[in-house]
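# An overview of the molecular structure
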Amino acid sequence: MSTIHEYAELLKQRKLSSVELTKQYLARIEKADAQIGSYITVCSDDALAAAGKADERIAKGEATLLTGIPVGIKDNICTEGITTTCASKMLYNFVPPYDATVTKRLKNEGAVILGKLNMDEFAMGSSTESSYFKKTKNPYDLTRVPGGSSGGSAASVSADLAPYALGSDTGGSIRQPAAFCGNVGLKPTYGLVSRFGLIAFASSLDQIGSFTKDVTDCAIVLNAIAGYDKMDSTSVDADKTDYTKALGLPLKGMKVGVPKQYLESGIQTEIREAVENAIKVYEMLGAECEECSLPLSKFALPAYYLISSAEASSNLARFDGIKYGYRAEEYHGLTDLYEITRSEGFGEEVKRRIMLGTYALSSGYYDAYYKKAQQVRGLIKRDFAACFEKYDVLLTPTTPTTAYKFGEKSDPVAMYMGDICTVAVNIAGLPAISIPAGLDKKGMPIGIQLIANSFDERKLLTAAYAYERETGYEKLRPTVKEVE
Amino acid sequence: MTFETVIGLEIHAELATKSKIYCSCSTAFGADVNTQTCPICTGMPGVLPVLNKKVVDYAITAGLAMNCEITEYGKQDRKNYFYPDLPKAYQTSQYDLPICKNGYLDVEVDGAIKRIGITRIHIEEDAGKLIHDGLRGASLVDYNRCGVPLIEIVTEPDMRSPEEARAFLEKVKSILEYTGVSDCKMQEGSLRCDVNLSVRPLGQKEFGTRTEMKNINSFSAAYRAMVGERQRQIELIEDGGEVVQATRRWDDAKGESFEMRSKEEAHDYRYFPEPDLVPIVVDREWVERIRASLPELPDERKRRYIAELGLPEYDAKLLTASKSISDYFEKTVGLGAPAKAVSNLLMGDISRILHEREMESIPFEPVFLAKAISLYTEQIVSSGALKKIIEALFDEEKEPEEIAKEKGLIQVSDESALIPIIQKILNDNPKAVEELKSGKEKAMGFFVGQAMRASKGSANPQLVNKLVKELLKI
């Protein structure tokens, strides 16, 4: 028993208080997170204070579904007064003087923030190995990675160190770790959830989303975090909707497209089989499944790495040692201060991407790289648009493989290839969800991905929920030992 | 060899918005350091910009006043460079789709009208200010100015002399003031310019190699910089040297420019579209609404002064060059003062006193000037006394009549008081009486002067004139 909707019921019936629930989670973090390493910061005192307030609110009958329920937040989402590091030495001591809009929205719901979750440094990576602070282990196998960049978020939910968590997804950073750790991971449409207070990696691709234990919780969290924010010019002023209403709708007449390019080479057999099984499940439930084509898929990955690195090279320029965060201890003059601070403050992967992005934007190369990548982006959007004229959702693997061992992907390009199934969605700004689809022979979770047209999150949730009800894969849980 | 100078300008004007371009911090000048800042304008991690719509309004206003086309679909771009006064390490500006383009202004130099092309007007944010603390050997940053909205006006290389460039700068300043787009306070740095200048042998078609002098914050300094740089380039060429394309700094105190960085060292700003902001879409309705609200501009006002108030062209041009002077003029005339009298005082004594006292605006209300002028037109005070009253008004805003009384400037218009004085002068100066009687009008001046002296300046000169003639029966 550990979903939001289950806890909400217990809290409502006063069988459990938020303070009790929060203490349970803090105790479990204390006992189990030493092995998992999902949290960078745990804020027990603030959490208990928030839980106390939530209990008062519940007593007054003013609770929402999230009131009094603990949550973990990825460490690139600003939390007022709580260190927000982006898992980087550069921001090891940065305490934001403000809340991100999503943080504020969760607080307004009476959520209890347990702490800040580990990630790849500045969300650049797919294994959480690039964190400055620690490695996060996959709760299913401690010798394997949890995925990334939101590895801490995925692992914490999987190991039940948080009922749910927030993460961010620039090229798969929610869906891939959700698949690796057996969570439901949603990357909403670009513009649905405010980015204000999310420390930017690639502004035109970043989107905040959730890690939950099932699809119902996913809809509940989306209800809380979605919606227009005047502080984010790219947020969309769309009608408010209750996403839980999409759960349990019949699938009859739903058209599911299966893009063939996503099942071609390099996909682990068990994952291909999981997609094939999902097709059978959907057909059985009354949906029509059909092979379809996204011919430009192979260009998504290079376009993604150019655009995201270009934006990152500019977004991360503000970390210069002048105003906050790390500053080199010894330097002579301004240029020296910049160079030493940035050389010491950033890790290898971040520096690699800054170099790549700086190059792509340089005079004389802009047209060949950045501009070309943006043109490809336009074409990929068209590719998807054509598919959505025919299909309600698209079904693909979330990842080409299940979670691999630490150090296994030491070549950066091999690591980048792991994003092959997820990046196109960000390029096109679409919503996508990864849902658990069983385990492979090694006992590692498999994720399948559903993609919908912009702002069609309801269709995603309808399809995901139906699959979950039929298969029950969301009930799989790893065994994580508690150490006294 | 005769050389021709080619000048292009880039003018930065701070807009008169109350809040900054991407956040709600105040733009007021002179606040304590770092008191008008927030996470957004100090570039904290995770913050996002939201464009102040008023900035676009002002840019469109400036564009329309300068005969520009307004871009329907504009965007903002990031200009990337590292400097401590730029907390995001990029300036949000506009690269290839500025709000306004292809405009022009006509300027008048030595009676000839010259059309200067305006390439573009774009919006961008200002940077903060570095303060060098000599005591601690440290550099500190004040972010109050960071995010203050600017427009940058870029001209074609259409100016052929420092005089033309100066006339253009003055024209731009008066338009920005008239439209309320900028308060153009040079001392506060709200108007600054970069000068691009080259020379070429007269008759040569190709431009010479140009240099750029950055961040000049007064028109007189800009003029001196242009004269100086023209001279430097001509001498260099005449000595067989070559002008090197470079960015230079004009040292106004030394009267010389110094090379800051050469072309090779020029920054690669790696412009790219700002992903945190949406395109600026300006529809016709928006443009027309602003066009309809444009105020009377200096050229129109000048024409009206000539046609309706009968001012000479010289007066009309001078008055309308400054919006504040011109507004003051209108208010004073509106109170019934004769236009030419007001114009004379504004262009003459008042502007002299403003200059002497280094003041930017007239410290007393137009009603006081109107009253002072009416004392003169009603012959209660003399023209000399009027000047004294105005001088006194600069010290203290006070009823002009009271000033005239206190200072004993009221003219004696009482005949019975003047007759004995004049009679005595006539008696004492028989030779002058003879001259006057023989038709030498000059002698009258002598009597008036004597009467003024005897009455300590309080005699009404017209009355003296009349009484002299009556007493001598001429």
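Residues numbered from 1 in each chain as written. Chains lettered and ligands numbered in written order. Predicted model: local features only at pLDDT ≥ 70, side-chain atom pairs only at ≥ 80, totals over all residues. Heavy atoms only, no water.

So, on to the overall build of chain A. Check the secondary structure of chain A and you find 15 helices and 11 strands. Here the C-alpha radius of gyration of chain A, 21 Å, is about what a compact globule of 484 residues would show, namely 23 Å. Seen through its C-alpha atoms, chain A measures out along the principal axes to roughly 65 × 55 × 45 Å. Among the 484 residues that make up chain A, the fraction classed as buried is 63%. One way to put it: in chain A the 55 positive side-chain charges average out to a point 1 Å from where the 60 negative ones average out. (Helix = DSSP H or I, 4+ residues; strand = E, 2+ residues; numbered from the N terminus. Rg over C-alpha atoms; globule rule 2.2 N^0.38 Å. Buried < 20%, exposed > 50% of the residue type's maximum accessible area, 1.4 Å probe, protein only. Lys, Arg positive; Asp, Glu negative; His and termini not counted. Charge placed at Lys NZ, Arg CZ, Asp CG, Glu CD.)

Quick look at the interface of chain B and chain A now. Each side of the interface is counted separately: chain B has 30 residues, and chain A has 38 residues. Together, the buried faces of chain B and chain A total about 2,700 Å²; carbon and sulfur atoms form 62% of this surface. Applying the counting criterion to the chain B and chain A interface returns 1 salt bridge. Salt-bridge contacts for arginine 195 of chain A lead to aspartate 276 of chain B; the nearest nitrogen and oxygen are separated by 3.0 Å. Applying the counting criterion to the chain B and chain A interface returns 15 residue pairs in polar contact (both at pLDDT 80 or more). Listed by contribution, the elements that provide at least two residues to the side of chain B that touches chain A are strand S4 (77–80) and strand S15 (272–273) of chain B. (Contact = heavy atoms within 4.5 Å. Buried area = accessible area lost by both parts, 1.4 Å probe. Salt bridge = Lys/Arg side-chain N within 4 Å of Asp/Glu carboxyl O. Polar contact = N/O pair within 3.5 Å; in protein donor to acceptor, adjacent residues only side chain to side chain.)

Residues and elements named next belong to chain A. A complete count under the given rule lists 61 salt bridges over all chains for this structure. With a closest N to O distance of 4.0 Å, aspartate 232 and arginine 195 form a salt bridge. Here aspartate 232, found in the loop between helix H7 (215–225) and strand S7 (255–259), pairs with arginine 195, found in the loop between strand S5 (184–187) and strand S6 (207–212); they are 37 residues apart in sequence, far enough to count as distant. Of the two residues, aspartate 232 and arginine 195, neither departs from the other in class, the shared state being buried. For aspartate 456, the salt bridge is made with lysine 459, and the minimal N-O distance between the two is 3.5 Å.

Quick look at unusual backbone geometry now. The omega angle of the peptide bond from glycine 148 of chain A to serine 149 of chain A is 5 degrees, so this bond is cis rather than trans. Relative to the elements of secondary structure, serine 149 of chain A occurs in the loop between strand S3 (112–117) and helix H5 (151–158). With a phi angle near 55 degrees, alanine 87 of chain A is a residue other than glycine that sits in the positive phi range. If you trace the backbone, alanine 87 of chain A turns up in the loop between strand S2 (70–74) and helix H4 (101–108). Despite not being glycine, asparagine 102 of chain B shows a phi value in the positive range, around 55 degrees. Checked against the element boundaries, asparagine 102 of chain B lands in strand S6 (residues 100–109).

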